[in-house]
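A structural walkthrough
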Amino acid sequence: MAQGVFVVTEQRDGTFRKISYEAVSEGRRLADLLNTNLTAAILGADIATMSGEIKKYGAEKILVADDSGLSEYTTDAYTNVLTDLIEEQDPELIIIGASTQGKDLSARLAARLDAGLVMDCVAIKQTDGGLVFTRPMFGGKVLADVEIAGTPQIVAIRPNVMSIVETPKSATVDRPSVKVGEVKTSVFEKKIETGDKIELTEADIIVSGGRGTGGDFSVIEDLSALLGAAVGSSRSAVDEGWRPHSDQVGQTGKVVSPNLYIACGISGAIQHLAGMSTSKCIVAINKDPEAPIFSKADFGVTGDLFELIPEIIKAIKNMT
Amino acid sequence: MEILVCVKRVPDTAENEIEVNKDGSDIERDDLVYSINEWDNYAVEEAIQIRDKVGGSVTVVSVGGEEAEEIIRREMAMGADKGVHLSDQAFEESDGKGLVRILQAAIEKGSYDLILTGVQADDGAGQVGGMLAAMLDWPFASLVNHIEVINDRTIKVGREIAAGNQEMNEIDLPCVLSIQTGINEPRYVGIRGIRKVASVEIPVFGASDIGLSPDLVGKSGATISRVDYFVPDLGEGAEILEGDTGEILEKLIEILQSKGGIK
């Protein structure tokens with residue numbers, strides 16, 4: 001019978017993405033609830049030393065799939081290798097982060113394993129009938145609780161929502177031999193815009209600008225650099241060509257849940273709120289006291305962002 | 001190039017207040033404004049642009065009741081050549097995988113080089129593209145924000161990856177791509193365009209027409225079941241910071257400090 005929780009971690013160039021810690025921590029919590037064990041898989045090339053990092057979060061068994069064919073993420077190679085590992089382990093539950101990569105991987109894996117998949121899950125609870133998974137629908141206006149029949153069950157969890165908890169275990173580390181198999185797509189180029197740009201969905205703090213910037217994001221960029229934050233934008237700022245689509249927060253852009261979201265000159269259309277309303281703290285700066293963003297925000301300032309933000313920057317600089 | 005685009009009719013979340021019905025089993029569907037799923041519309045526009053460059057045809061397919069036809073027709077008004085409507089009582093209450101099985105059966109009946117889907121739908125699970133590719137055993141790329149046809153066997157696609165970066169891939173046809181919004185600017189559909197296709201016959205196929213066993217789809221074939229809908233807690237609205245600039249700044253700095261913005 002299928003047993004155990006299996007977490008697929010995500011790393012890039014030898015560094016774990018934050019979602020990996022969230023996924024393993026959640027895996028530990030569920031393994032305890034289900035009274036079972038936790039396995040974490042790490043895929044990549046030259047990753048032999050990475051297992052130590054993940055032990056802290058409570059996996060009993062760590063599988064390191066180290067192969068040059070896994071150096072770049074491809075749907076095919078990762079699905080092939082994981083299918084073998086999962087069939088060998090026969091887990092009841094598989095947890096993957098719903099990152100860009102994880103969303104791609106989980107759908108393909110679900111079809112290959114003939115498993116039920118819940119995408120973009122924000123909460124998991126145990127009931128008499130088994131696990132119940134909560135996911136937002138209709139732009140976050142409604143939450144749905146869903147159940148998955150059969151095993152394995154696959155859940156892709158939304159980044160930045162679930163807690164990271166350290167529960168060190170003495171884990172066994174296995175290095176299974178892997179077969180990468182046929183890869184039908186070839187990555188031949190990566191266009192990296194800026195090396196140090198913070199991924200929006202993983203950022204702790206986001207400073208976002210909208211139509212109210214009039215296209216001038218300089219103060220927003222300055223403030224975000226000072227706070228170590230990522231820069232986001234509303235759809236209208238993207239439609240105007242002021243920011244790239246990848247900066248867009250909202251229903252048809254990124255869904256983010258940072259600790260702090262600072263919305264500057266963003267009115268707060270449904271489109272935008274759908275992407276950021278689960279942020280832990282929202283501060284809105286807007287000239288219009290009637291702007292809908294104030295209904296979602298925790299704190300609001302009615303005022304001109306071009307006057308206020310330079311003052312904030314000055315105040316922070318004066319502190320140090 | 002023969003291109004198939006999978007489209008879905010969804011409640012327009014920007015236009016509607018979405019409410020949960022009394023027993024939490026569904027949303028209130030009366031009086032909802034429906035439209036084409038936004039991602040799918042970008043996919044249709046992209047398909048039309050590819051056809052205009054390299055020739056071939058664009059077919060739009062949708063699974064759903066009678067109402068799905070209006071969406072297919074709208075996309076034909078946009079410029080798609082053909083429409084296919086997959087409709088059967090047995091399809092009702094299908095989960096993501098059921099939907100994929102229906103599409104897969106229809107695709108295997110036809111002959112397509114390229115299948116496009118939207119990255120996700122507002123009322124869906126964001127898994128159709130990836131699952132469809134796996135079940136067809138075709139190559140797949142998700143979050144596609146650029147397509148270039150190299151020849152009739154290979155295309156080059158750009159994918160959105162983390163931190164605003166892009167990855168360029170070469171993929172052999174036939175393949176499945178899930179299209180990201182922002183890849184193009186979908187054209188406006190005017191009333192004249194709608195009129196032009198108003199009387200075009202759109203074929204309707206059920207389970208037996210596409211050789212699909214009804215128990216693989218619908219409720220009986222579903223592994224995902226919805227047990228409850230509820231509305232998330234809405235906050236109480238913002239605490240508006242009052243006072244002179246100094247006082248507001250002081251409060252803001254306090255918030256930034258407590259949230260880890262200032263170390």
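Residues numbered from 1 in each chain as written. Chains lettered and ligands numbered in written order. Predicted model: local features only at pLDDT ≥ 70, side-chain atom pairs only at ≥ 80, totals over all residues. Heavy atoms only, no water.

For chain A, the helix and strand inventory stands at nine helices and 18 strands. Considering only C-alpha atoms, chain A reaches an extent of 60 × 45 × 40 Å along its principal axes. Across the 320 residues of chain A, 60% fall into the buried class. Partitioning the intrachain contacts of chain A with sequence separation of at least 6 by distance along the chain shows that 62% fall at a separation of at least 24. Total accessible area on chain A stands at roughly 11900 Å², and carbon and sulfur atoms take up 46% of it. Side-chain charges in chain A split into 31 positive and 44 negative, and the spacing between the mean points of these groups amounts to 1 Å. (Helix = DSSP H or I, 4+ residues; strand = E, 2+ residues; numbered from the N terminus. Buried < 20%, exposed > 50% of the residue type's maximum accessible area, 1.4 Å probe, protein only. Contact = heavy atoms within 4.5 Å. Areas by Shrake-Rupley, 256 points an atom, 1.4 Å probe, with all protein chains shown as cover. Lys, Arg positive; Asp, Glu negative; His and termini not counted. Charge placed at Lys NZ, Arg CZ, Asp CG, Glu CD.)

Counting its secondary structure elements, chain B contains six helices and 13 strands. Taken along its principal axes, the extent of the C-alpha atoms in chain B is 70 × 50 × 40 Å. The buried share of chain B, taken over its 263 residues, is 53%. If you take every contact in chain B between residues at least 6 apart in sequence, the share linking residues at least 24 apart comes to 68%.

A few words on the sheet that holds strand β10 (residues 142-148) of chain A. To summarise the sheet geometry, strands pair through backbone hydrogen bonds and adopt either a parallel or an antiparallel arrangement. Taken in spatial order, the four strands make up an open sheet running β8(A)-β9(A)-β10(A)-β12(B), and their pairing is antiparallel. With partners counted over all chains shown, the strands left at the sheet margins are β8 (123-127) of chain A together with β12 (224-230) of chain B, one partner each. On average, each strand axis in the sheet is inclined to that of its neighbour by 30°, with strand direction left out of account. In the sheet, β8(A) pairs with strand β9 (residues 130-137) of chain A via five bridges, with the strands oriented antiparallel. Bridging across to β9(A), A:I124 finds its partner in A:F133. (Pairing = 2+ DSSP bridges. Axes fitted to C-alpha atoms, helices over the stretch in contact; angles between N-to-C directions.)

Contact with chain B, which involves 79 residues of that partner, is made by 78 residues of chain A. Surface buried jointly by chain B and chain A totals about 6600 Å² across both partners, of which 60% is contributed by carbon and sulfur atoms. At the surface where chain B touches chain A, the tally comes to six salt bridges. Between A:K184 and B:D137 there is a salt bridge, with its nearest N and O atoms 2.9 Å apart. Scanning the region where chain B abuts chain A turns up 21 residue pairs in polar contact (both at pLDDT 80 or more). Among the elements that line the side of chain B that touches chain A, the one with the most residues is helix α6 (residues 245-258) of chain B, at nine residues. (Buried area = accessible area lost by both parts, 1.4 Å probe. Salt bridge = Lys/Arg side-chain N within 4 Å of Asp/Glu carboxyl O. Polar contact = N/O pair within 3.5 Å; in protein donor to acceptor, adjacent residues only side chain to side chain.)

This paragraph deals with unusual backbone geometry. With an omega of -5°, the peptide bond between A:T151 and A:P152 qualifies as cis. Assignment of secondary structure puts A:P152 in the loop between β10 and β11 (153-157). A cis amide bond, omega -5°, links B:L173 with the succeeding residue B:P174. Within the secondary structure layout, B:P174 lies in the loop between β9 (165-172) and β10 (175-179). A positive phi angle is found at A:N35, which is not glycine, with a value near 55°. Of note, A:N35 is situated in the loop between α1 (18-33) and β4 (38-44). Its identity is not glycine, yet B:D31 carries a phi of approximately 65°, on the positive side. With respect to the element layout, B:D31 can be found in the loop between β2 (9-11) and β3 (34-36).

All right, on to the sheet that holds strand β12 (residues 172-174) of chain A then. All names here are of chain A. As summarised here, the arrangement of the seven strands in space is β7-β11-β6-β1-β4-β5-β12, forming an open sheet in which the pairing is parallel. Across the chains shown, the open sheet's two edge strands, defined by having one partner strand only, are β7 (116-121) and β12. Between one strand and the next, the sheet's axes are offset by a mean angle of 20°, whatever the strand orientation. Relative to strand β5 (residues 61-66), β4 runs parallel, the two sharing six bridges. Bridging from a neighbouring strand, I42 pairs with V64 of β5.

The next thing to look at is the side chain of B:T59. Residues and elements named next belong to chain B. As for its position among the elements, T59 is in strand β4 (residues 57-63). On the basis of relative accessible area, T59 is assigned to the buried category, the value being 3%. With sequence-adjacent residues up to four places away left out, T59 is seen in contact with I3, L4, V5, K82, V84 and Y112.

Time to look at the packing of aromatic side chains. On inspection of all chains with the given rule, the structure shows three aromatic pairs over all chains. Judged by centre distance (4.9 Å) and plane angle (65°), the rings of A:Y73 and A:Y78 are edge-to-face. Taken individually, A:Y73 and A:Y78 each receive the classification buried, so the pair is uniform in this respect. Members of the aromatic cluster, each reached through a chain of ring pairs, are A:F16, A:Y21 and A:Y57. It is A:R243 that lies over the ring of A:F217; its NZ or CZ is 4.7 Å from the centre. A cation sits over an aromatic face here: B:R9 above B:Y34, 3.8 Å from the ring centre. (Phe/Tyr/Trp six-rings, centres within 6.5 Å; stacked < 30°, edge-to-face > 60°. Lys NZ or Arg CZ within 6 Å of the ring centre and 35° of its normal.)

Our next topic: the domain arrangement of chain A. Residue and element names in this part refer to chain A. Annotation of chain A at the domain level lists domain 1 (5-174) and domain 2 (200-319). The gap between the C-alpha centroids of domain 1 and domain 2 is 31 Å. Taken together, the contact pairs nine residues of domain 1 with twelve residues of domain 2. Across the domain 1 to domain 2 interface the summed buried area is about 900 Å²; carbon plus sulfur atoms make up 42%. For the domain 1 face of the interface with domain 2, the top three residues by lost area are G139, R158 and N160, together amounting to 50%. The shortest N-O distance in the salt bridge between K18 and D204 comes to 3.1 Å. (Domains from an automatic or database assignment.)

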